Amino acid sequence: MSAPSPIRVLHVIGAMDRGGAETLVMNLYRHIDRNAIQFDFLVNEERTCDYDAEIEELGGRLYRIPRFALANYLTYRSACRKFFRRNAHPIVHGHIGFPAAIYLQCAKQQNGAFTIAHSHAQNYPLSPTEAVYRIVSNRVRGKADYYLGCSELAGIDRFGRSIVEGGHFHVLKNGIDAQAIRFDPNERRRIRSELGIDDDAPIFGHVGRLTPIKNHSFLLDVFRKVLDELPGARLLLVGRGEAEDEIRQRVCDLGLSDAVLFLGVRDDVPAVLSAMDVFVFTSFREGLANATIEAQASGLPCLLSTGVPRLAQISRTTEFADLSEGAHAWAQKALTLYRSVRPDRSNAYLDALSAGFDIQESADWLADLYLANSRS
């Protein structure tokens, strides 16, 4: 007798590049029991993305529809209806907030799917674009069968307090593969050699999309002041994004071209973290910020903005600072962290496990939710 086919869960997401939400989904996919559950992806992107090949290797399927914008509301809704008439997934897990009310409702109407809305971020600073996003995305309240958030505040911001305090919401921690992040002195030497940086040179670092919400301009101001006291320091920026040209120009304007290294998207982020000495994260707002958990699991002293939820603090060598304190105060805090006597970094990954950021634990919980509501 042949084994039953796995339940196919559809994840609706913008594009499977190396962003925070996308990396979390891939971590879950790698650790979930794929004999029981398979992931498929409905993306709003025609180009090939970072994770597409791995998705297909793991047995997943990629489907594509046009990206949603208010101007194409009717076209987008029609595309969703057509898709869900042809593809009957018992579970639809939505990660895009803007059109969630449309695609989740279509999934329920066309094939009775169990629908999940997932909030990965707190609200960004209010702007005309953000105001429109909140008005449109808030329509998902009451449209989904279940709600997830990377933190309680991320859930409240997107779904409202009544949903978060009800019985159909859960904080799904952004688990990481802590063993894979573990500090490795050999990788530290390899990365420094690859980049032409001396073994004893101070390295400050940041991992995240090159996008305005990450506030790289302020990070560069902080690093410029760090250089006043540590002329041989380097700043590593891992990631890419729509603000890259602007950030590169800012580096040139500040005279930092020799000290700031743009590493782009890397598939060896744990090794790059091992090469760093201090992690600095200047975001205006974050739902959680996986990169901060990984940095702490690598044993890095971390200086985080208060836009990062306190839930993200898992290490005693992590400090928070308000952006209003200014670049000079931030630089002094970063220098203090660098000069502090640091414990052996090799066991720091245990902090992530003890704080509940274990990807296997997150994958197992999510699998139980899927299986209990598969209606297959």
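These lines cover the structure that appears in this document, whether it is placed above or below.

Procedures and definitions
Residues numbered from 1 in each chain as written. Predicted model: local features only at pLDDT ≥ 70, side-chain atom pairs only at ≥ 80, totals over all residues. Heavy atoms only, no water. Core = buried A, V, L, I, M, F, W, Y, C linked by side-chain atoms within 4.5 Å. Buried < 20%, exposed > 50% of the residue type's maximum accessible area, 1.4 Å probe, protein only. Helix = DSSP H or I, 4+ residues; strand = E, 2+ residues; numbered from the N terminus. Contact = heavy atoms within 4.5 Å. Phe/Tyr/Trp six-rings, centres within 6.5 Å; stacked < 30°, edge-to-face > 60°. Lys NZ or Arg CZ within 6 Å of the ring centre and 35° of its normal. Axes fitted to C-alpha atoms, helices over the stretch in contact; angles between N-to-C directions. Parallel < 35°, antiparallel > 145°, perpendicular 65-115°, else oblique. Nonpolar A, V, L, I, M, F, W, Y, C, P; charged D, E, K, R; others polar. Disulfide = S-S within 2.5 Å. Pairing = 2+ DSSP bridges. Polar contact = N/O pair within 3.5 Å; in protein donor to acceptor, adjacent residues only side chain to side chain. Patch = residues over 30% accessible without salt bridge, like charges linked within 9 Å, V, L, I, M, F, W, Y side chains within 5 Å. Areas by Shrake-Rupley, 256 points an atom, 1.4 Å probe, with all protein chains shown as cover. Salt bridge = Lys/Arg side-chain N within 4 Å of Asp/Glu carboxyl O. Lys, Arg positive; Asp, Glu negative; His and termini not counted. Charge placed at Lys NZ, Arg CZ, Asp CG, Glu CD. Left-handed = near helix turned anticlockwise from the far one by under 90°.

### Side note on the nonpolar core
Then step 1. Core analysis: the biggest nonpolar cluster contains 38 residues, and Val-207, Leu-236, Leu-273, Met-276, Phe-279, Ile-293 and Ala-352 have the highest contact counts within it.
Then step 2. Element by element, the count of residues in this core is highest for helix 12 (residues 269–275), at five residues.
Then step 3. Not counting chain neighbours up to four residues away, the residues in contact with Met-276 comprise Arg-188, Ile-203, Gly-205, His-206, Val-207, Leu-236, Leu-300 and Arg-345.
Then step 4. With 31 residues, the next largest nonpolar core counts Phe-218, Leu-219, Ala-259 and Leu-303 among its residues.

### Quick word on the packing of aromatic side chains
Then step 1. This structure, assessed with the given rule, holds 14 aromatic pairs.
Then step 2. Centre to centre, the rings of Phe-39 and Phe-41 are 6.4 Å apart; their planes meet at 70°, and the pair counts as edge-to-face. You'll find Phe-39 and Phe-41 in the same group, each marked buried.
Then step 3. Note that Lys-173 overlies the ring of Phe-357, its terminal NZ or CZ placed 5.0 Å from the centroid.
Then step 4. Against the face of Phe-262 rests Arg-248, its NZ or CZ located 4.1 Å from the ring centre.

### Some details on the packing of helix 1 (residues 20–31) against helix 16 (residues 359–372)
Two numbers describe a pair of packed helices, the interaxial angle and the distance between the axes.
Then step 1. For the pair helix 1 and helix 16, the least separation of the axes is 9 Å and the interaxial angle reads 80°. With respect to helix 16, the axis of helix 1 lies roughly perpendicular. Of the residues in helix 16, those touching helix 1 at Leu-24, Asn-27, Leu-28 and His-31 are Ile-359, Gln-360, Ser-362, Ala-363 and Leu-366.
Then step 2. Here the contact of helix 1 with helix 16 is built from residues that sort into five nonpolar, four polar and no charged.

### Re the state of the cysteines
Then step 1. Counted by the stated rule, this structure contains zero disulfides.
Then step 2. Among the cysteines around Cys-80, which has no disulfide bond, Cys-106 carries the closest sulfur, lying 5.1 Å off.
Then step 3. For Cys-80, a relative accessible area of 0% corresponds to the buried category.
Then step 4. Take Cys-106: its relative accessible area is 3%, and that puts it in the buried class.

### Overview of the sheet that holds strand 8 (residues 203–207)
Then step 1. The strand order 10-9-8-11-12-13 describes an open sheet built from six strands, whose pairing is parallel. The open sheet has two edge strands with one neighbour each: strand 10 (260–264) and strand 13 (318–321). Strand-to-strand twist across the sheet, computed as the mean angle between neighbouring axes with direction ignored, equals 25°.
Then step 2. In the sheet, strand 8 pairs with strand 11 (residues 278–281) via two bridges, with the strands oriented parallel. From the neighbouring strand, Phe-204 faces strand 11, where its bridge partner is Val-278.

### Let's talk about the side chain of Ser-119
Then step 1. Relative to the assigned elements, Ser-119 resides in strand 5 (residues 114–119).
Then step 2. In terms of polar contacts, Ser-119 uses its side chain to reach the backbone carbonyl oxygen of Ala-154, at 2.9 Å.
Then step 3. Excluding its chain neighbours within four sequence positions, the residues that come into contact with Ser-119 are Leu-148, Gly-149, Cys-150, Ala-154, Gly-155, Arg-158 and Phe-159.

### Here's the deal with the sheet that holds strand 5
Then step 1. Within the open sheet, the seven strands sit side by side as 3-2-1-4-5-6-7. Their pairing is parallel. At either end of the open sheet lies a strand with only one pairing partner, and these are strand 3 (62–64) and strand 7 (169–171). In this sheet, adjacent strand axes meet at a mean angle of 25° when their direction is disregarded.
Then step 2. In the packing of helix 6 (residues 152–159) onto the sheet, the strands contacted are strand 5, strand 6 (146–149) and strand 7, and the crossing angle to strand 5 comes to about 110°.

### Let's talk about a negative patch on the surface
Then step 1. Together, Asp-33, Glu-361, Asp-364 and Asp-368 line one region of the surface with negative charge.
Then step 2. Tracing the sequence through the fold places Asp-364 in helix 16.

### A closer look at the packing of helix 3 (residues 73–86) against helix 4 (residues 100–111)
Then step 1. As a packed pair, helix 3 and helix 4 sit with axes 9 Å apart at the nearest point and diverge in direction by 35°. The hand of the helix 3/helix 4 crossing is right-handed. Residues Tyr-73, Tyr-76, Arg-77, Cys-80, Arg-81, Phe-84 and Arg-85 of helix 3 lie in contact with helix 4, whose contacting residues are Ile-102, Tyr-103, Cys-106, Ala-107, Gln-110 and Asn-111.
Then step 2. Within the contact of helix 3 with helix 4, the residues separate by chemical class into eight nonpolar, two polar and three charged.

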